[in-house]
Number of protein chains: 2
Amino acid sequence: MKSRRDFLQKIAASAIAFPFLSPSALATKSPHAAPYDGPLLRVAIMGLGSYGNRVAEAMRDCKQAKLVGAISGTPAKIKDWQSRYNIPEKNCYNYENFEDIKNNPDIDAVYVITPNGLHREQVIRVARAGKHAICEKPMAVNTKEGQDMIDACKQANVKLLVGYRMHFEPHTLEIIRLRKAGEFGKILFFQGLSGFIIGDPTQWRLNKKLSGGGSLMDIGIYSINGSRYMTGEDPVWVLAEETKNHPEKFKEGVDETIQFQLGFPGGAVASCLSTYSMNFLDRFFVNGEKGFAELQPATGYGPIKGRTNKGELIQPHVTHQTLQMDEMAGIILQGKQPIVPVDGEEALKDLKIIDAIYLAINKRKRVDLKL
Amino acid sequence: MKSRRDFLQKIAASAIAFPFLSPSALATKSPHAAPYDGPLLRVAIMGLGSYGNRVAEAMRDCKQAKLVGAISGTPAKIKDWQSRYNIPEKNCYNYENFEDIKNNPDIDAVYVITPNGLHREQVIRVARAGKHAICEKPMAVNTKEGQDMIDACKQANVKLLVGYRMHFEPHTLEIIRLRKAGEFGKILFFQGLSGFIIGDPTQWRLNKKLSGGGSLMDIGIYSINGSRYMTGEDPVWVLAEETKNHPEKFKEGVDETIQFQLGFPGGAVASCLSTYSMNFLDRFFVNGEKGFAELQPATGYGPIKGRTNKGELIQPHVTHQTLQMDEMAGIILQGKQPIVPVDGEEALKDLKIIDAIYLAINKRKRVDLKL
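Residues numbered from 1 in each chain as written. Chains lettered and ligands numbered in written order. Predicted model: local features only at pLDDT ≥ 70, side-chain atom pairs only at ≥ 80, totals over all residues. Heavy atoms only, no water.

Asks: Can you break down the packing of helix H5 (residues 143–156) of chain B against helix H10 (residues 344–363) of chain B residue by residue, with the values?
Replies: Residue and element names in this part refer to chain B. Across the interface, H5 lies against H10 with an axial gap of 8 Å and an inter-helix angle of 165 degrees. On the basis of their axis angle, the class for H5 and H10 is roughly antiparallel. Both H5 and H10 take part in a crossing whose hand is left-handed. Contacts between H5 and H10 involve Thr143, Gly146, Gln147, Ile150 and Lys154 from the first element and Gly344, Glu345, Leu348, Leu351, Lys352 and Asp355 from the second. Partitioned by chemical class, the residues of the contact of H5 with H10 number 3 nonpolar, 4 polar and 4 charged. (Axes fitted to C-alpha atoms, helices over the stretch in contact; angles between N-to-C directions. Helix = DSSP H or I, 4+ residues; strand = E, 2+ residues; numbered from the N terminus. Parallel < 35°, antiparallel > 145°, perpendicular 65-115°, else oblique. Left-handed = near helix turned anticlockwise from the far one by under 90°. Contact = heavy atoms within 4.5 Å. Nonpolar A, V, L, I, M, F, W, Y, C, P; charged D, E, K, R; others polar.)

Below is the structure:
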């Protein structure tokens, strides 16, 4: 059975499947020139599944963030993580005793990496325990839940960040820099393709209650979010169409394939595809009056490949999660401003677009948006 | 000012703009091994504009078709063509004396290369003069006109072919062959991008009466037609959205940018963009359960570049119009069956889709189709 992890790992090797892409530099770690003696973000991870593991592994190379705690309902996983990541017993929690974390001065933030449908309740618990919350995307399963989370974090006076790892990715940031510098002229068009063939039909991503939807929540969100950072604008309307070829696998409320179009205030349009039933789909393309940029693969774990009308981009590959966690430490501890926001308000915009896409499908017509 | 001709020529050089594409063999003419002594299709061209000239130049290398006549309302153009292409006076006509062509036994077919809005009347005149009609695409400006032309040609017992040059293009045909052989598995998705920035605002292509529309008629038709030959199916629904950023240039009824989606009976979906306001857009992508194929550039005058999940295609470049006219001679004179049809019924399907796209834009909802 194929898993989502397999997909995202395979994307890293997609230069093989895309023989026109020239070989690029091998993965390099971010250079650690001088020993770091600034503030350290001490993080506990809630949800010890495959992506939690990936983040934990990547954090071994962080300099401003450190994995110090683990929260899970499965004692065996806790035990495993303790030995693998050298986590002290006193920093481990389950969902019954989690609230005790508020009395633990050695944990600054909790990274929630659980099924989407649990994010709202869990982030609110993190906030009420007085810890900063980092939440995997989608932040929640709809706008209302997302707003509840933002409100709870504000009330508790803790930060809320969402795991938009691409917002720190060097090729992505280079294209954003070029776009802001006017290299592509006025932006006219964005195209996002996000898809893979999902395996095991019993996984939580195909369970509406836990996932909140289907491919759109999980993988389409990359195109939604990418349309915004690639064009530099927020959409004002959406039009969408759903198709389902395997209703036995994708039950009521779990979308298999959605095509959606977004209109932007400056006149640009975006055309995107989100699917759980096609491979070979991970491409962003932004087209302006003077030039274009392409990312392909655009959102896998890397290496990301980028080019513009002037040629190939030569940014190095860095482990996304290492970079993300270091940068998030800077945001939380030093008030750093990221180039593309990763806060709750940013994530809420994507949820509003997701809600509007589902509405446009149901109404079978264009839906206007105010973000 | 940029012209459409400039665009289609530039597309040929687009390997420069797409540095990931590896250099391919230079253009080669189709080999003429043995001297040809079969039947010859003697063709007159109606409309001596830039594309007419391109066809005339390409026909110098044809072996089964020969340019023998010219029809124009501009005497100077006739004179120019006579000397350039060695056309006898007796095979030249204007729009007043055109009907005399029926008494000319040295002309078999007339290739109508005039503004879209004139095709209906002119093809009917060709048919009534007892000559086979070849008509540039779009065949007409709507389904009704197209049907009139089909009926007139049937009644006159002459053939009606439409200038779908890509239906003979080697990379295109190789992908169709692979798709039919099941190499890509079940087809799930097609993407077509067709666009360039149109120049001179006074040209006939921006005059609704002569063009019948805007970018969709002229360049979007490539994606419409391509969606059918790349997937091997005819669509059953369309959804479309128009955006216009330059209403001073693109007047009422002349579309600037249209995004449209097509649904196919087997469950595949197509997502296409047609625009007169963006460069760098000439790409087809078809995605199946087992593999994908890409053409980029997909429809320019060549060289066309193609690849699949297994690697780059290595078909030679041939001058599209030379190949088209030779193949059309075989269809008309010897009853050859092309791999992808180029007859009036084939063209009518595209007109039905165009009508449905405009209707979907006006109704702001999905329109069902029966082709």
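Asks: I'd like a description of the packing of aromatic side chains, backed by residues and values.
Replies: Two measures describe an aromatic ring pair: the distance that separates the ring centres and the angle between the ring planes. Residues and elements named next belong to chain A. In total, this model carries 19 aromatic pairs over all chains according to the counting rule given. When the ring of Phe189 is compared with that of Phe285, the centres are 6.4 Å apart and the planes differ by 70 degrees; the resulting orientation is edge-to-face. In this pair, Phe189 is assigned in strand S7 (residues 187–195) and Phe285 in strand S11 (residues 281–288), connecting sequence segments 96 residues apart. An identical accessibility class is assigned to Phe189 and Phe285; each is buried. (Phe/Tyr/Trp six-rings, centres within 6.5 Å; stacked < 30°, edge-to-face > 60°. Buried < 20%, exposed > 50% of the residue type's maximum accessible area, 1.4 Å probe, protein only.)

Asks: Could you give an account of the pairing of S7(A), naming the residues involved and the relevant values?
Replies: Residues and elements named next belong to chain A. The buried fraction of S7 is high, at 9 of 9 residues. The sheet contact formed by S7 and S11 spans 8 bridges and is antiparallel. For Ser194, the partnering residue across the bridge sits in S11 and is Asp282. (Pairing = 2+ DSSP bridges.)

Asks: An account of the sheet that holds strand S6 (residues 160–162) of chain A is requested, with residue identities and associated values reported.
Replies: Residue and element names in this part refer to chain A. Judged by pairing direction, the sheet is parallel, and its 6 strands sit side by side in the order S3-S2-S1-S4-S5-S6 without closing on themselves. Strand pairing shows two members of the sheet lacking a second neighbour, strand S3 (92–93) and S6, which therefore form its edges. Two strands pair when backbone bridges link them, and strand S1 (residues 41–46) and strand S2 (residues 65–71) are joined in this way by 6 bridges, in the parallel orientation. What sits directly across from Leu41, in S2, is Ala65.

Asks: Got a sec to walk through helix H5 (residues 143–156) of chain A? Specific residues and values, please.
Replies: Given 3.6 residues to a turn, an α-helix orients residues that are three or four positions apart in the same direction. Residues and elements named next belong to chain A. With 14 residues, H5 should reach 20 Å at 1.5 Å per residue; the first-to-last C-alpha distance of 20 Å fits that figure. Residues of H5 that are buried include every one of Thr143, Glu145, Gly146, Asp148, Met149, Ile150, Ala152 and Cys153, and no others. Residues of H5 that are buried in the fold lie against helix H4 (116–128), strand S5 (132–135), S6 and helix H10 (344–363). Phi for Asn157, located one or two positions after H5, is positive at around 60 degrees. (Expected span 1.5 Å × (residues − 1).)

Asks: Help me get a handle on the sheet that holds strand S9 (residues 257–263) of chain B, residues and values and all.
Replies: Residues and elements named next belong to chain B. Overall, mixed pairing links the 9 strands, which are arranged S14-S13-S12-S11-S7-S10-S9-S8-S15 in an open sheet. For this open sheet the edge positions go to strand S14 (311–312) and strand S15 (367–368), each flanked by a neighbour on one side alone. As paired elements, strand S7 (residues 187–195) and strand S10 (residues 269–275) share 7 bridges and run parallel to each other. Bridge pairing in S10 places Phe190 opposite Ala270. In this fold helix H6 (residues 170–180) packs onto S7, strand S11 (281–288), strand S12 (292–295) and strand S13 (306–308), with an angle of close to 170 degrees to the strand it touches most, S12. Of the strands in this sheet, strand S8 (237–243), S9 and S15 touch H10, which is tilted by about 60 degrees from S8.

Asks: Explain the interface of chain B and chain A to me, and be specific about the residues and the numbers.
Replies: Each side of the interface is counted separately: chain B has 50 residues, and chain A has 48 residues. Summing both sides of the interface, chain B and chain A together bury roughly 4,100 Å²; the carbon and sulfur share of this comes to 61%. Our count for the contact surface shared by chain B and chain A stands at 2 salt bridges. Between B:Arg366 and A:Glu241 there is a salt bridge, with the nearest N and O atoms lying 2.6 Å from each other. Run the count over chain B and chain A and you get 10 residue pairs in polar contact (both at pLDDT 80 or more). For the side of chain B that touches chain A, the secondary-structure elements that each account for two or more residues are S7, S8, S9, S10, S11, S12, S13 and S14 of chain B. Along the lines of polarity and charge, the residues of the side of chain B that touches chain A split into 20 nonpolar, 20 polar and 10 charged. (Buried area = accessible area lost by both parts, 1.4 Å probe. Salt bridge = Lys/Arg side-chain N within 4 Å of Asp/Glu carboxyl O. Polar contact = N/O pair within 3.5 Å; in protein donor to acceptor, adjacent residues only side chain to side chain.)

Asks: Residues and numbers for the relation of the copies chain B and chain A, please.
Replies: Overlaying chain B on chain A yields an RMSD of 0.0 Å, the required transformation being a rotation through 180 degrees with an accompanying axial translation of 0.0 Å. The superposition operator between the copies reduces to a two-fold rotation axis. The share of interface residues of chain B whose copies in chain A are also at the interface is 96%, consistent with both copies meeting through the same surface. (Least-squares fit on C-alpha atoms with pLDDT ≥ 70 in both.)

Asks: An account of unusual backbone geometry is needed here, citing residue identities and associated values.
Replies: For the peptide bond that leads from A:Gly302 to A:Pro303, omega is 0 degrees, which places it in the cis range. Mapped onto the secondary structure, A:Pro303 falls in the loop between strand S12 (292–295) and strand S13 (306–308). In this structure, A:Phe280 takes a positive phi of about 65 degrees despite not being glycine. Here A:Phe280 lies in the loop between strand S10 (269–275) and S11. For A:Phe280, a relative accessible area of 24% corresponds to the partly exposed category. The phi dihedral of B:Asn157 is positive, around 60 degrees, even though this residue is not glycine. Structurally, B:Asn157 is set in the loop between H5 and strand S6 (160–162).

Asks: How would you summarise the pattern of salt bridges if you had to cite specific residues and measurements?
Replies: All names here are of chain A. A full pass over the atoms with the stated rule returns 48 salt bridges over all chains. Note that Asp218 is salt-bridged to Arg205, the shortest N-O span being 3.1 Å. On the criterion of sequence distance, the pair formed by Asp218 in helix H8 (residues 215–231) and Arg205 in the loop between S7 and helix H7 (208–211) is long-range, its members being 13 residues apart. There is no split in this pair, since Asp218 and Arg205 are both buried.

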